[in-house]
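# Report on the structure
Letter by letter, the chains look like this.
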Amino acid sequence: MRETTRDFRAARRALLGRLAGVGAAAAFMPLLSRAQAPAPGRIIPIADMHSHLGIVGRTRSPADLATEMKTHGATLVSWSIVGDAPWLGNGPKGVIQQGEPTPAELSAFFDKTLAGMLAYAQQNQLAIVRTGADVDAAMGGKHSVLLASESAEFISTDLAPLKKAFDLGLRQLQLVHYIRNPIGDYSTASPVHNGLSPLGRELVKACESHGILLDLAHCSTPAIDHALEVATKPMIWSHGWVDSDAGGYRDPYGYLMRRLSIDQAKKIAARGGVVGLWGLGLRQPGQAYGWKVGLQDRAGYAREVAKLANMIGADHVAFGTDIAGVGNEWAINDYSHVREIVQLLEGQKLDAATIDKVAFGNFARVLKATLPA
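An account of the accompanying structure is given in this report. Keep in mind it's a predicted model, so treat the numbers as computed, not measured.

Calculation notes
- Within any chain, residue numbers begin from 1 and follow the written order of that chain's sequence.
- Reporting in this predicted model follows two pLDDT cut-offs: at least 70 for local features of residues, and 80 or more for side-chain atom pairs to be given and counted; totals over whole chains, interfaces and linings ignore these cut-offs and use all residues.
- The side-chain figures draw on all heavy atoms in the structure; neither hydrogens nor water molecules are used.
- Any Phe, Tyr or Trp ring, taking Trp's six-membered ring, that has another such ring centre within 6.5 Å forms a pair; planes under 30 degrees apart are called stacked, those over 60 apart edge-to-face, and the others tilted.
- Only DSSP runs of H or I reaching four residues or more are called helices, and only runs of E reaching two or more are called strands; each is numbered from the N terminus.
- Only protein chains enter the area calculation, which uses a 1.4 Å probe; residues under 20% of their type maximum are buried, those over 50% are exposed, and those in between are partly exposed.
- Here, a salt bridge means any Lys or Arg side-chain nitrogen found within 4 Å of an Asp or Glu carboxyl oxygen.
- Definition used in this section: a nonpolar core is a set of buried Ala, Val, Leu, Ile, Met, Phe, Trp, Tyr and Cys residues joined via side-chain atoms within 4.5 Å.
- In this analysis, two residues are considered to be in contact whenever any of their non-hydrogen atoms come within 4.5 Å of each other.

### Description of the packing of aromatic side chains
Scanning all chains against the criterion turns up seven aromatic pairs. With a centroid separation of 5.5 Å and an interplanar angle of 50°, the aromatic rings of W79 and Y120 are classed as tilted. Taken as a pair, W79 in strand β2 (residues 74-81) and Y120 in helix α3 (residues 103-123) lie far apart in primary sequence, 41 residues in all. Each member of the pair, W79 as well as Y120, carries the same accessibility label: buried. Joined through ring pairs, the aromatic side chains of W241, Y253, Y255 and W291 make up one cluster.

### Notes on the pattern of salt bridges
Overall, the coordinates contain twelve salt bridges when judged by the stated rule. One salt bridge in this structure joins E202 and K205, with 3.6 Å as the shortest N-O distance. Remark: K205 and E202 occur in helix α6 (residues 198-210); sequence separation between them is three residues, near one turn of the helix. Judged by its relative accessible area of 40%, E202 falls in the partly exposed class. Residue classification places K205 among the partly exposed positions, given a relative accessible area of 46%. When the shortest N-O distance is used, the salt bridge between R283 and E329 registers 3.5 Å. With a gap of 46 residues between them, R283 in the loop between β12 (274-277) and α10 (298-312) and E329 in the loop between β13 (317-319) and α11 (335-345) connect regions that are remote in the sequence.

### Some thoughts on the nonpolar core
L65, L173, L175, W291, F319 and F363 are the most contacted members of the largest nonpolar core, which has 111 residues in total. Per element, the largest residue contribution to this core is eight residues, and it comes from helix α12 (residues 352-368). Discounting chain neighbours no more than four positions away, the residues touching L175 are S151, A152, N181, I183, L196, L203, V204, L214, D215, L216 and C219. Membership of the second largest hydrophobic core comes to seven residues, among which are W87, V95, F109 and I179.

See the structure below:
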């Protein structure tokens, strides 16, 4: 999730107020799958490395996750718990921690939310991605969700909860978000660990051992560097944006704090990883340096995707929309918008192979390099 300069408090209140459950069952709307579609007019599958749709409230559309996936051809969606949501508030620059949850409270919230997601997926005929074979099925047209957590707060003093989460289906883990944890530092607050803690380094190794994809989004620059030192498999930075230099907690606005430097993006790419761009749309893009995508500006988002693909390579860019997590300031807020982006990328002089990679291939590849076969 992100911070913007306006409308954030209302969006965050909606997030906290509507996080209690997942939506009711939706009508099944079958989509012509990739396997069924005739070439060259096949429907390109859509993968998304970061989405909260159906978990976090949203102001634009009453449609739920299953309906949108099945209607617009999103076949692989990383569906993310916001594990620290009840303890978030608003400060002068954006989201801050409010309150000190106990390990038991964090664990209980995580378990309850994950159980609701599993129930929703079963009720709405969404497959759960657990293995590389499941990734292949998703790319063949089977509507599937990858269970993810946007923060590792459910892990407190040891790594025992990770095995339990894996057994339940967790396959993507973001190390930090917006509250202090024993794992590492995040980009929107002053450092405590000066990167990853010893426990955080062990968590990187444990995720690789289990077959859980590591997500570096929200990490501080030193924490990213530490993860890259420890990891032996590709990792992702699921959502945010890329600029010449990295953001940090001293920046005046949250969206500036959340930027990844081009140097670090290239480091992630050099290790086989993937960088995702979020669906944020600013009210006044380009007034200073930074993210130049405006409200409901799908063309601007497509330009940023093409730009990043040229900078770090077509094999290392993907969608990380943060749908339902970008509040009232968005360029992308549902999967019809993402489908539009796929079409707009053709106008950015990207060849068909590159569009396939960005739309689904890159995320699928990094998952298959991580998950059990």
